[in-house]
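Observations on the three-dimensional arrangement
So you can see what is in the structure, the chains are spelled out below.
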Amino acid sequence: MGFMNDADKARVRDAIAAAERKTSGEFVAVLAERSDHYLFFPMLWTAIASLIVPGAMLLAGADLSLLLIYAIQLAGFIVAAVVFFQPSIRPRLAPAGFRHDYGHRFAHEQFFFQGVYRTRERSGVLLFVSIAERYVEIVADEGIHRNVGEAHWQKIVDTFIAEVKAGRIADGFVEAVGAIGEAMATHYPRKADDTNELSNRLIEV
């Protein structure tokens, strides 16, 4: 994926291990390149582009044969498809609300897919980051979420986003994991028989 090097990933892993030494909570960090394939919007804009060009020429009074109109539409479709289906372009064609919804949905999918909900004491927390959507969310089991509160989670997320905007994504992960650990330690202190139930490595999807 290339957003973080091995040294940065090791820092995140070590931060998770350090946070889990303070609490019985389990932390999982997921870094996603994007939260959806974004195929609908490129196709929509490709179709629109292939229709607009000959239509504009006809409105301008151009005398076009049906064969030439078809050729222009086909060429327009191919050119637009090459541009709009670029991986870096596809998410930008979706409205901001859709990108937010896709990020939220994928975060909760990862909460279940990575088994964060299966911890012994239902004390799992997922830190989810999706690059294409610039989306960050902390997903926690219901009891944890109720005890810590949305406002506290959002404060951690806001600090993380500020670090990412400054180009310090690894620092953002480390600080966010540490802050989550501090919040968890209050409600879920570490027990003598505590075991590591989930991987501490940064998961890239």
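What follows deals with the pairing of strand β2 (residues 124–130). Most of β2 sits out of view: seven of its seven residues are buried. Side chains Gly124, Leu126, Phe128 and Ser130 project from β2 onto one buried face, and the interleaved Val125, Leu127 and Val129 project onto a second face that is buried too. The sheet contact formed by strand β1 (residues 26–32) and β2 spans seven bridges and is parallel. Residue pairing in the sheet places Phe27 in a bridge with Val125 of β2. When β2 meets strand β3 (residues 135–140), the two strands line up antiparallel, connected through six bridges. Paired with Ser130 across the bridge in β3 is Tyr135. Taking the residues that link successive antiparallel strands as the turn, the β2-β3 hairpin has four residues, and the phi of Arg134 there is positive, at about 50°.

Here we take up the packing of aromatic side chains. All told, the structure shown has nine aromatic pairs when counted by the stated rule. Centre to centre, the rings of Tyr38 and Tyr102 are 5.2 Å apart; their planes meet at 70°, and the pair counts as edge-to-face. On the criterion of sequence distance, the pair formed by Tyr38 in the loop between β1 and α2 (40–59) and Tyr102 in helix α4 (residues 96–113) is long-range, its members being 64 residues apart. A residue is classified by how much of its surface remains accessible, and Tyr38, at 1% relative accessible area, is buried. Three or more aromatic residues joined by ring pairs make a cluster, and in this case those are Tyr38, Phe40, Phe41, Phe98 and Tyr102.

Criteria and thresholds
- Residues numbered from 1 in each chain as written.
- Predicted model: local features only at pLDDT ≥ 70, side-chain atom pairs only at ≥ 80, totals over all residues.
- Heavy atoms only, no water.
- Buried < 20%, exposed > 50% of the residue type's maximum accessible area, 1.4 Å probe, protein only.
- Helix = DSSP H or I, 4+ residues; strand = E, 2+ residues; numbered from the N terminus.
- Pairing = 2+ DSSP bridges.
- Phe/Tyr/Trp six-rings, centres within 6.5 Å; stacked < 30°, edge-to-face > 60°.

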